[in-house]
Structures are given as structure tokens and as C-alpha cells.
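The residues making up each chain are set out below.
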Amino acid sequence: MKQYVVGITGASGSIYGLRTTEALLEAGARVRLILTGTGEKVVAYETGQEAGEWIAGFKKRFPDQLIPEDNSDLFSASASGSHLADGMIIAPCSMSKLAHISAGITPDLMTRAADVALKQRRPLVLMPRETPLSQIHLKNMLALAECGAFIVPAMPAFYQKPKSLDDMADFMAGRVLDCLGVENHRYARWKEEV
Ligand SMILES: Cc1cc2nc3c(=O)[nH]c(=O)nc-3n(C[C@H](O)[C@H](O)[C@H](O)COP(=O)(O)O)c2cc1C
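Rules of the game
Residues numbered from 1 in each chain as written. Predicted model: local features only at pLDDT ≥ 70, side-chain atom pairs only at ≥ 80, totals over all residues. Heavy atoms only, no water. Helix = DSSP H or I, 4+ residues; strand = E, 2+ residues; numbered from the N terminus. Salt bridge = Lys/Arg side-chain N within 4 Å of Asp/Glu carboxyl O. Buried < 20%, exposed > 50% of the residue type's maximum accessible area, 1.4 Å probe, protein only. UniProt positions renumbered as here; feature names shortened; annotations may be inferred. 1 Å grid on protein atoms, 1.4 Å probe; cavity = no way out; pocket = protein on both sides within 12 Å on 5 of 7 lines; lining within 4 Å. Points joined across faces, edges and corners; volume = space filled by probe spheres on them.

## Some remarks on unusual backbone geometry
Argument step 1. Ala91 connects to Pro92 through a cis peptide bond whose omega is -10°.
Argument step 2. Examined against the element boundaries, Pro92 turns out to sit in strand E4 (residues 87-93).
Argument step 3. Within the chain, Arg121 stands out as a residue other than glycine whose phi angle is a positive 60°.
Argument step 4. Among the secondary structure elements, Arg121 is positioned in the loop between helix H5 (109-119) and strand E5 (124-128).
Argument step 5. In the Ramachandran plot, Lys161 falls in the positive-phi region, its phi being about 50° despite a non-glycine side chain.
Argument step 6. Its location among the elements puts Lys161 in the loop between strand E6 (150-151) and helix H7 (165-180).

Okay, here's the thing in C-alpha cells:
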């Protein structure tokens, strides 16, 4: 079974991380899910549902696949390079987490797991969300892209004519799975049937 670590930070767009988690679970992968404290608050604010309710919903549907993690638990398996993960995703990724990872500063499980993904040369997919972007944000993204991370900004396309916010979130979730090489049909590909 493929294993991924998914992080959800306090950047706007929690739905991107939630749909990405669901897409990986539906694809049969195991997901270790980490939310930051602010991430939990933004999930509740933006979706109207507490993070705990989302986690309970995923756990009910995918009891053997979802592993909720505590972001303060640096003793977790995800904190070690000896734990065989297939990759990590942070969606949405705050500018704060981007800066921490780019500088190699890892005070919590999410940043440590991202640092581990980079050092082990495993896929790291970051979905930054901010606008406009400062030079600091852009430099951090460039540094991480140079280390091999996929920078997948939260930029849903309109050429697939989305009808709902879920369509837009699914487009981004699908693009994340594409980076990981996980087969998916989350969005209509250009000039292809769904
Ligand atoms: C409603 C809300 C929306 C936010 N949106 C963003 C955002 O889009 N991008 C960003 O970098 N920070 C955003 N922030 C600020 C981050 O939450 C803040 O920098 C926080 O320290 C990030 O912490 P974390 O990376 O541990 O989740 C937002 C905060 C709130 C309350």
C-alpha cells in the first residue's frame, strides 16, 4: 500500500487539503494527516465543520488507511527517514511553513516530515496560497523547487468550466496526485473524456 503524509496549514483553502486527502484515500493509499493549530481553526471557519469531524468522517470510511497525527509529536514515525513514506503533500501551504521548510527549520512534525521528504529525495508537493507574493515568498519557492519539491500553487483552471467549489478543489487535488504518479480521475483533462 502506498503511504503519504498530508499536511494542512492555516493558509486559506483548507478544502484543497481535505479533497487531496480524500482522493489519496479513494486511490487506496494510507494517509498520515497532520493539521497545524491554525489549520484546524481555518478548516472550521472555511468549511463550517470542525477538523475533528472531517477526520472522524474519513476514519469511518477508511478505517485502515487514515492515521491522524499530532503536529507536536516529533516521536511519530513520519519524523524519521527510516519510515518508508512514498511522499508528502502540504495543501494549502502557508508562507510561514514554506519559509520554515526552505530554511530547514523543523520545530513541529509537519516541517520535520517535509525536511525528511527532501533529504530522502522523496516527492514533496507544496501548494502555496497567498496573493500577492513578496520576494521572500518567491525566493523560498525557488529554493524549494531547486531542491526538487513540486510547487503547485492553489490556482484552479477555468478552461474545464468548473460548476462548483468542489470542482475547483478536485482540479487541484487531481494535479497533486498527478505529481505523485497516482492514477486519478478527479478532473476533466484537456481534450480527454472524464
Ligand atoms: C482565515 C485565515 C486565512 C489565512 N490565509 C492565509 C493564506 O492564504 N496564506 C498564508 O500564508 N497565510 C494565511 N493566513 C495566516 C496563517 O494562518 C498564519 O501565518 C499562521 O501563522 C500559519 O501557521 P501554520 O503554518 O502553522 O498553519 C491566514 C490566516 C487566517 C486566520
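Continuing now.
## Things to note about the pattern of salt bridges
Argument step 1. Per the counting criterion, the structure on display carries 13 salt bridges.
Argument step 2. Residue Arg19 is joined to Glu22 by a salt bridge in which the shortest nitrogen-to-oxygen separation is 3.9 Å. Taken as a pair, Arg19 and Glu22 lie in helix H1 (residues 14-26) at a separation of 3 residues, close to a single helical turn.
Argument step 3. You can call Arg19 buried: its relative accessible area is 19%.
Argument step 4. A residue is classified by how much of its surface remains accessible, and Glu22, at 13% relative accessible area, is buried.

## Things to note about the UniProt feature "domain: Flavoprotein" (unreviewed entry) in the chain
Argument step 1. Per the UniProt record, "domain: Flavoprotein" (unreviewed entry) is annotated on residues 2-178.
Argument step 2. Within residues 2-178, the helical portion is 46% and the strand portion 17%, while the C-alpha atoms at the span's ends are 14 Å from each other.

## Considerations on empty space enclosed by the protein
Argument step 1. In the structure shown here, the tally under the stated rule is 1 cavity of 30 Å³ or more.
Argument step 2. Its boundaries defined by the atoms lining it, the largest cavity holds a volume of some 70 Å³.
Argument step 3. Looking at the lining of the largest cavity, the elements that each hand over two or more residues are E4 and H5.
Argument step 4. Looking at the lining of the largest cavity, the element that brings in the most residues is H5, giving 3 residues.

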